[in-house]
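Given next are the chains, with one letter for each unit.
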Amino acid sequence: MKAFLFLATGFEEVEALSPADMLKRVGVEVVSVSITGKKEVTSSHNVTITADALFWETDFSGGDLLILPGGMPGSKNLAAFQPFDSLFAQYLAKGKYLAAICAAPMVFGSKGLLDKHDACCYPGFESELKGANVKYDNVTVSGQFITARGAGVSVEFGLKLVEVLQGKAVADKLADQVIFTYKK
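Quick notes on the rules
Residues numbered from 1 in each chain as written. Predicted model: local features only at pLDDT ≥ 70, side-chain atom pairs only at ≥ 80, totals over all residues. Heavy atoms only, no water. Helix = DSSP H or I, 4+ residues; strand = E, 2+ residues; numbered from the N terminus. Rg over C-alpha atoms; globule rule 2.2 N^0.38 Å. Buried < 20%, exposed > 50% of the residue type's maximum accessible area, 1.4 Å probe, protein only. Salt bridge = Lys/Arg side-chain N within 4 Å of Asp/Glu carboxyl O. Phe/Tyr/Trp six-rings, centres within 6.5 Å; stacked < 30°, edge-to-face > 60°. Lys NZ or Arg CZ within 6 Å of the ring centre and 35° of its normal. Expected span 1.5 Å × (residues − 1). Contact = heavy atoms within 4.5 Å. Right-handed = clockwise from strand over helix to strand, strands pointing away. Pairing = 2+ DSSP bridges.

Quick word on the overall build of the protein
- Helix and strand counts for the protein come out as 6 helices and 11 strands.
- Computed over the C-alpha atoms, the radius of gyration of the protein is 15 Å, within 12% of the 16 Å expected from 2.2 N^0.38 for a compact globule of 184 residues.
- Principal axes of the C-alpha set define a box for the protein whose edges measure 40 × 35 × 35 Å.
- Burial analysis of the protein (184 residues in total) assigns 51% to the buried set.

Printed below as a string of C-alpha cells:
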C-alpha cells in the first residue's frame, strides 16, 4: 500500500508527521510530496522538512491514499493548487481515499467534492466545507473521505488511516503499541 502526503508552505508539522509515522509503522509506503517546486518546505512554525519528491516528478498511479495536512497558510496554498483537481478526480474514480486534517478539508470543500458527505475540520472552518454534513467528531470517515479536526488528534487521524487501509485489528494493535487510547 502507498500513501502520498502533500506539503505546502505553511503546513502543520504534527498533522503531517504523525499520520505518516502511523502508516509507516504498519508497512504502508508514505511518500511526502512538495507542491512548492522545491523539496525543502517550511512549516507554519518555521521548521523546514525535505520532501521525498516534487509533485511534477511523481507518478501517483500506484497510490491508495492522498493526505493533506492542515496549518496556515498551508491549507490555503493546497486549496489554490490547481493540479489537485485532476488527481482527486482520478483517485475518486478508482475508489481510492482522500484525507485531510485541521483546515485542509477546506480543499475538498472548495472543489465541491464533499457534497452530501460527512466531514469535520478545525473550528471556524466549517463554512468552507461546501455541501458537507458538518460533524464535530475528532475524525470522520464518509465514503472515500477521511477528515479530522486538528493537531491534537493527529495520532488518532493516523490510526484511522491505518484502519481504513489495513483494518481495525491492525489499527487497534498499533494503538496499543504506541500507548495511545482512543475509542475502540
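From this point, the discussion proceeds with the structure in view.
Looking at the pattern of salt bridges
- As enumerated under the stated definition, the model contains 4 salt bridges in all.
- A salt bridge links Glu163 to Lys160; its shortest N-O distance comes to 3.3 Å. Of this pair, Glu163 and Lys160 both sit in helix α5 (residues 154-166), 3 residues apart, which is roughly one turn of that helix.

Digging into the packing of aromatic side chains
- Counted by the stated rule, this structure contains 14 aromatic pairs.
- An angle of 40 degrees between the planes, with centres 5.1 Å apart, marks the rings of Phe55 and Phe60 as tilted. In terms of burial, Phe55 and Phe60 fall into one category: buried.
- Three or more aromatic residues joined by ring pairs make a cluster, and in this case those are Phe4, Phe6, Phe55, Trp56, Phe60, Phe81, Phe84, Phe88, Phe108 and Phe145.
- The aromatic ring of Tyr91 is capped on one face by Lys96, whose charged end is 5.2 Å from the ring centroid.

Thoughts on helix α1 (residues 13-25)
- If you check α1, its first and last C-alpha atoms are 18 Å apart, about what 13 residues at 1.5 Å a residue would give, namely 18 Å.
- Every buried residue belonging to α1 is among Glu13, Glu15, Ala16, Ser18, Pro19, Ala20, Met22 and Leu23, and all of these are buried.
- Contact partners of the buried residues in α1: β1 (2-7), β2 (29-34), β6 (65-68), β7 (97-101), α5 and α6 (168-177).
- Backbone geometry just downstream of α1 places Gly27 in the positive-phi region, at approximately 90 degrees.

Structural notes on α5
- The first and last C-alpha atoms of α5 sit 18 Å apart over 13 residues, in line with the 18 Å expected at 1.5 Å per residue.
- Those residues of α5 that fall on the buried side of the exposure criterion are Ser154, Glu156, Phe157, Gly158, Leu159, Leu161, Val162 and Leu165.
- Looking one or two residues beyond α5, the residue adopting positive phi is Gly167, at roughly 105 degrees.

Section: the pairing of β2
- Counting buried positions along β2 gives 5 out of 6 residues, so the element sits mostly inside the fold.
- Read from β1 through α1 to β2, the crossover connection turns out right-handed.
- Where β2 meets strand β5 (residues 53-54), 2 bridges bridge the pair, whose relative direction is parallel. Bridge assignment links Ser34 to a residue of β5, and that residue is Leu54.

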